[in-house]
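Take a look at the letters that make up each chain.
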Amino acid sequence: MPNDPHESRHLPPAGDGAAAAFALRLLTVRRATEALTRGLSAEDCALQSMPDASPVKWHLAHTTWFFEQFVLGPHAPGYRPFRVEFGYLFNSYYEAVGPRHPRPQRGLLSRPSLDEVFAYRAHVDAALEAFIASGAVPAPLWSVLELGLHHEQQHQELILTDLAHLFSVSPLAPAWRASLPPAGRAPAVPATWLDVPEGVHTLGHAVSEGFAFDNEGPAHRVFVEAAQVASRPVSNGEYAAFVAAGGYRDASLWMSEGWAQVQQHGWDAPARWQRDADGAPWRTRTLAGLRDLDPAEPVCHLSWFEADAYARFAGARLPTEAEWELVARRYPAIGTFVESGRGHPAPMTDGPAIRFFGDVWEWTASAYAPYPGFAPAAGAIGEYNGKFMANQMVLRGGSCATPRSHIRATYRNFFPTHARWQFSGVRLARDHRR
Ligand SMILES: [Fe+2]
């Protein structure tokens, strides 16, 4: 079946040494996860600041459970689970696997200790390395191993986003890394408009292009009207003008449900913005602690409702994911990623004038829905993405917490419209001016 999104995933690594190369790549990713926790205390790693966020310790264990559950347990001869109870504790949402510890109670797990979770990781890493080296990996399992690697990278981002939320509610304003230079005062380079060519285009991930999550395919044709998208995301300085102009007090700019959120939660600025008094300069909680607001950084920690209201205020709209992908794929994935160690978007004062990747995820106008021909895989792995295709919106481009090797022009992230704790920002689009 030429359009089978899973077709390419049943191929084992090609060539001599390919299995060893994969093992090296996998273990490098696993070490990178652990490096993110350097300098954190066991308490930092154990707390859960809200139901949507998970403790760092849980992420460390859950990514490990993934390999134990889907690779080692069913396929590695003689594999012994580290502790059988972990199957209950660290299953995230896989109904086909069985019952699990309630998500809002992940922060109540004082046991296993952080040390024991690291021992769990070492146990599973050693077993994975031996299994791959044994030559006994059945061909269909390579796709699951590859998925596990990318799953691990997804949770690297979540470790930082969830930690950032945890630190943002601490009166002490702790820092994960205190390495950022002071916030600048210069505005971002001016945005320009980039043309979206009208016509029928093929979008989405083709099986010949290497790894992608199932929700990125199949490649399919879309008719796109002529339009324009901005060359960079909206900056803090631009968004601050919306705040100062009363954007959070003008119901006409908001979707009904978004306006209800503004009222219910008292939103008057993006999440983590704070100031000492009306008219005082804004500061913002970051992974580098409390900082002055840099007007040239992309605005982040916006809900979809805020992104949408800002676009309306600016006389524009959000791009569809087709418009975004069509233009973004013309440009290299240059931007601020997790490897930068910033844990925060970078100011848009120099560097490339056109930016689509890294720094902040960009909300789109597109609902998260299956592409034509999408079919989730059989079994528990099929629960990975497909069952979330309702009541969420697509975000594109990756963020300062995303691993560089993890992002692609076809990558579809998704969150509910009210979610603000990711590094989520906004890019403007507009219909073609005839
Ligand atoms: Fe997961």
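Note that residues are indexed from 1 along each chain, following the sequence as it is written. Predicted model: local features are reported for residues with pLDDT of at least 70 only, side-chain atom pairs are reported and counted for 80 or more only, and whole-chain, interface and lining totals are derived from all residues. Only hydrogens and water are set aside when side-chain values are computed; all heavy atoms of the structure are taken into account.

Colleague: So what about helix α6 (residues 141–168)? Which residues, and what values?
Modeller: In this model, α6 (28 residues) spans 40 Å end to end at C-alpha, consistent with the 40 Å of a helix rising 1.5 Å per residue. Judged by how many residues are buried, α6 sits mostly within the fold: 26 of 28 residues are covered. Strands here are runs of E lasting at least two residues and helices are runs of H or I lasting at least four, both read from the DSSP assignment and numbered beginning at the N terminus. Here the expected span of a helix is defined as 1.5 Å times the quantity of residues minus one. Exposed residues in this analysis have more than 50% of their type's maximum accessible area, buried residues have under 20%, and partly exposed residues fall in between, with area computed by a 1.4 Å probe over protein chains only.

Colleague: Hey, could you go over the pairing of strand β8 (residues 361–367) for me, with residue numbers and the actual values?
Modeller: Among the seven residues in β8, five count as buried, and that is most of the element. Two strands qualify as a pair provided that DSSP identifies no fewer than 2 bridges between them. Sheet topology places β8 next to strand β11 (residues 424–425); two bridges connect them, and they run parallel. The partner of W361 across the bridge, within β11, is S424. Of the strand pairs in this sheet, β8 and strand β9 (residues 393–396) are connected by three bridges, and their pairing is antiparallel. Pairing of A367 across the sheet is with M393, part of β9.

Colleague: Pulling in residues and values, what's your account of the pattern of salt bridges?
Modeller: Salt bridge criterion: a side-chain nitrogen from Lys or Arg within 4 Å of a carboxyl oxygen from Asp or Glu. One pass over the full model with this rule turns up 24 salt bridges. Residues E306 and R420 are paired through a salt bridge, measuring 2.7 Å at the closest nitrogen-oxygen approach. Here the residue E306 occupies a position in helix α9 (residues 304–313), and R420 occupies one in the loop between β10 (413–415) and β11, the gap between them amounting to 114 residues. By relative accessible area, R420 is classed as buried at 14%. In this structure, D431 and R317 form a salt bridge, with 2.8 Å as the shortest nitrogen-oxygen distance. With D431 in strand β12 (residues 429–431) and R317 in the loop between α9 and α10 (321–328), this residue pair connects regions lying 114 residues apart in the sequence. It is possible to trace a salt-bridge network through shared partners that takes in R30, R31, E34, R121, D125 and E152.

Colleague: Outline the side chain of E362, listing residues and values.
Modeller: With respect to the helices, strands and loops of the structure, E362 is situated in strand β8. Here, residues are in contact when the closest pair of their heavy atoms is within 4.5 Å. Non-local contacts of E362, meaning those with residues more than four positions away in its chain, are made with P233, W324, R355, F356, V394, L395, R396, G425 and R427.

Colleague: Residue-level account of the packing of aromatic side chains, with values.
Modeller: Working definition: rings of Phe, Tyr and Trp (its six-membered ring) pair if their centres are within 6.5 Å, and the pair is stacked with planes under 30 degrees apart, edge-to-face with planes over 60 apart, and tilted otherwise. In the structure shown here, the tally under the stated rule is 36 aromatic pairs. The interplanar angle of 80° and the centroid separation of 4.7 Å between the aromatic rings of Y93 and F388 together place this pair among those described as edge-to-face. Separated by 295 residues along the polypeptide, Y93 in the loop between α4 (86–89) and α5 (114–133) and F388 in the loop between β8 and β9 bring together distant segments of the chain. Residue Y93 is classed as partly exposed on the basis of its relative accessible area, which comes to 23%. Whether a charge sits over a ring comes down to the Lys NZ or Arg CZ being within 6 Å of the ring centre and within 35 degrees of the ring normal. A cation sits over an aromatic face here: R412 above Y371, 4.0 Å from the ring centre. If you follow R420 out to its NZ or CZ, it ends over the ring of W267, 4.0 Å from the centre.

Colleague: Can you explain the coordination of the iron ion? Please cite residues and give values.
Modeller: Within the protein, the iron ion binds to H62 (NE2), H151 (NE2) and H155 (NE2); these donor distances fall in the range 2.2 Å. Mapped onto the sequence, the donors of the iron ion take the spacing H-x88-H-x3-H. Here H62, found in helix α3 (residues 56–75), pairs with H155, found in helix α6; they are 93 residues apart in sequence, far enough to count as distant. This pair shows no difference in class: H62 is buried, exactly as H155 is. Note that water is not among the atoms used; donors are N, O and S atoms within 2.8 Å of the metal (3.2 Å for Na, K and Ca), so sites may look incomplete.

Coordinates in, geometry out; function isn't part of it.
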